[in-house]
Amino acid sequence: MKIRDWDINLKVRLFGEAMMNITYWMFFPFLTIYFADEFGKSKAGLLLVFSQVFSVIANLMGGYCADRFGRKRMMVLSSIGQGLSFLVFAAASSPWLHSPWTGFVSFACAGVFGSFYWPASQAMVADVVEEKHRSNVFAIFYTAINIAVVIGPILGAIFYAAYRVELLIIAGIVCLLLGLILSKWTHETAPKSKSADPDTNGKWYDFLLNQLRDYSLIVKDRTFLQFIMAGVLAGQTFMQLDLLFPVYIKEVLQDSSFAIGNWSLTVRGEQAFGIILAENGLLVALLTVSVTKWMSKYYERNVFIFSSVAYAISVIMFSLTHSIWGFILSMALFTFGELMGAGLQQSFVSKLAPEHMRGQYFAAASLRYTISRTIAPLSIPMTVWIGYNWTFFVLFILALLSAAMYWMMFHTFEKKNIKMQH
């Protein structure tokens, strides 16, 4: 399905969200540094954990709101809410106000609005695209996000340190413009039967309770439980990309020469982090399909295990290097570990799930990311309590435990299959 054949909603969103994502990634990866400088690493880490709890709840409620109030309405309100949050954050970061607490509350609010936007945006694709074309459309949006992850951090590495307030203002204006564009040029796609009668939807918290009931599936399926646990353990490593890594690189990397041929550039810590983050996004955008096709030739157990081992080795490499080229090499291995399992894990979930419960299994499988995203910021205060080297060593051990858990999971999975055959 070619882009020219898309529904107008998707064409408008592809352009608007691309602009929003680029501006967002110009400053978002560096905010951990900002909060660590303002609050200290211990308090910053705990505050980031606290803010993620609200985002997780908002994500669960986002689906309910998208069904009851409509996709377009939720996306417009979320875009405008994010824009206003960023503008308040900009004011709080300016020399005239300088209120880190106001900035943190604004950042948390922006995260909540973003969590409300996501379910509505995904549901809109399902509303207007035939099932046979959905994977292609989702892939194009995913590629657009990764292109933003390449461009945004590079621009942020150049401008963030000197123009943080201006970047936040630009992000706020772009989000407000996106809200206005969605309001003017998109149409509602939610089925009327889902939103016409509020009483048919039950109480406002029923959706959240139903989601929690779905998650109880993980304690009934031992293989699935081990899959979730392994994902959470591995997640403590790959979630550090915009948490521990920027703080660490800023502290250990002084001015470093970044040379390619006759061209050279002196980079600081924030700029070096922007470069390796852009490297991650570029490799993901270019290699996801080819690496997934390559890994599909091997047994899933070995792919999952070696993915976790690659994470483990990469974090040790990060802890031992103090040069820009060392970080680039470490990030290459880190990204390879990410790509190894990226395409196969969703298909493995569908293999575990009974056909009539496939949707519930995919919902419960998202716990790998929600739990990981909530716990991962604890790595920042850990650097104060036990130091960087021990923090990276803990992440190394967690990644190896993830590999061991994957091995146990497949042992359980194979025993279950043998019993079913007999």
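Residues numbered from 1 in each chain as written. Predicted model: local features only at pLDDT ≥ 70, side-chain atom pairs only at ≥ 80, totals over all residues. Heavy atoms only, no water.

**A few points about unusual backbone geometry**
Inference 1: With a phi close to 45°, His98 is a non-glycine residue in the positive phi region.
Inference 2: Relative to the assigned elements, His98 resides in the loop between helix H4 (71–93) and helix H5 (100–128). (Helix = DSSP H or I, 4+ residues; strand = E, 2+ residues; numbered from the N terminus.)

**Let's talk about the environment of Glu270**
Inference 1: Tracing the sequence through the fold places Glu270 in helix H11 (residues 269–295).
Inference 2: Residue Glu270 is classed as buried on the basis of its relative accessible area of 17%.
Inference 3: Measuring from C-alpha to C-alpha, the distance between Glu270 and Glu251 comes to 9.4 Å, with 19 residues separating the pair along the chain.
Inference 4: Beyond its immediate stretch of four places on either side in the chain, Glu270 contacts Phe30, Ile33, Ala157 and Lys250. (Buried < 20%, exposed > 50% of the residue type's maximum accessible area, 1.4 Å probe, protein only. Contact = heavy atoms within 4.5 Å.)

**Describing the packing of aromatic side chains**
Inference 1: Using the criterion set out here, one finds 37 aromatic pairs in the structure.
Inference 2: Where Phe304 meets Phe410, the ring centres are 5.8 Å apart and the plane angle is 55°; that geometry is what we call tilted. Of the two residues, Phe304 sits in helix H12 (residues 300–320) while Phe410 sits in helix H18 (residues 388–421), which places them 106 residues apart along the sequence. Take Phe304 and Phe410: they sit in the same class, and that class is buried.
Inference 3: Pairwise contacts between aromatic rings join Tyr24, Trp25, Phe27, Phe28, Tyr34, Phe35, Phe39, Phe86, Phe89, Trp101, Phe104 and Phe107 into one cluster. (Phe/Tyr/Trp six-rings, centres within 6.5 Å; stacked < 30°, edge-to-face > 60°.)

**Quick word on the side chain of Ser51**
Inference 1: Of note, Ser51 is situated in helix H3 (residues 41–69).
Inference 2: Assessed through its relative accessible area of 3%, Ser51 is described here as buried.
Inference 3: One polar contact links the side chain of Ser51 to the main-chain carbonyl oxygen of Leu48, over a distance of 2.9 Å.
Inference 4: Those residues in contact with Ser51 that lie beyond four places of it in its chain are Phe104, Phe107 and Ala108. (Polar contact = N/O pair within 3.5 Å; in protein donor to acceptor, adjacent residues only side chain to side chain.)

**Here we look at the pattern of salt bridges**
Inference 1: For the structure shown, the criterion picks out four salt bridges.
Inference 2: Close ionic contact of Asp37 with Lys250 constitutes a salt bridge, the shortest N to O distance being 3.9 Å. One end of the pair, Asp37, is in helix H2 (residues 31–39); the other, Lys250, is in helix H10 (residues 244–252), and 213 residues separate them in sequence.
Inference 3: The class of Asp37 is exposed, set by a relative accessible area of 54%.
Inference 4: For Arg71, the salt bridge is made with Asp127, and the minimal N-O distance between the two is 2.6 Å. (Salt bridge = Lys/Arg side-chain N within 4 Å of Asp/Glu carboxyl O.)

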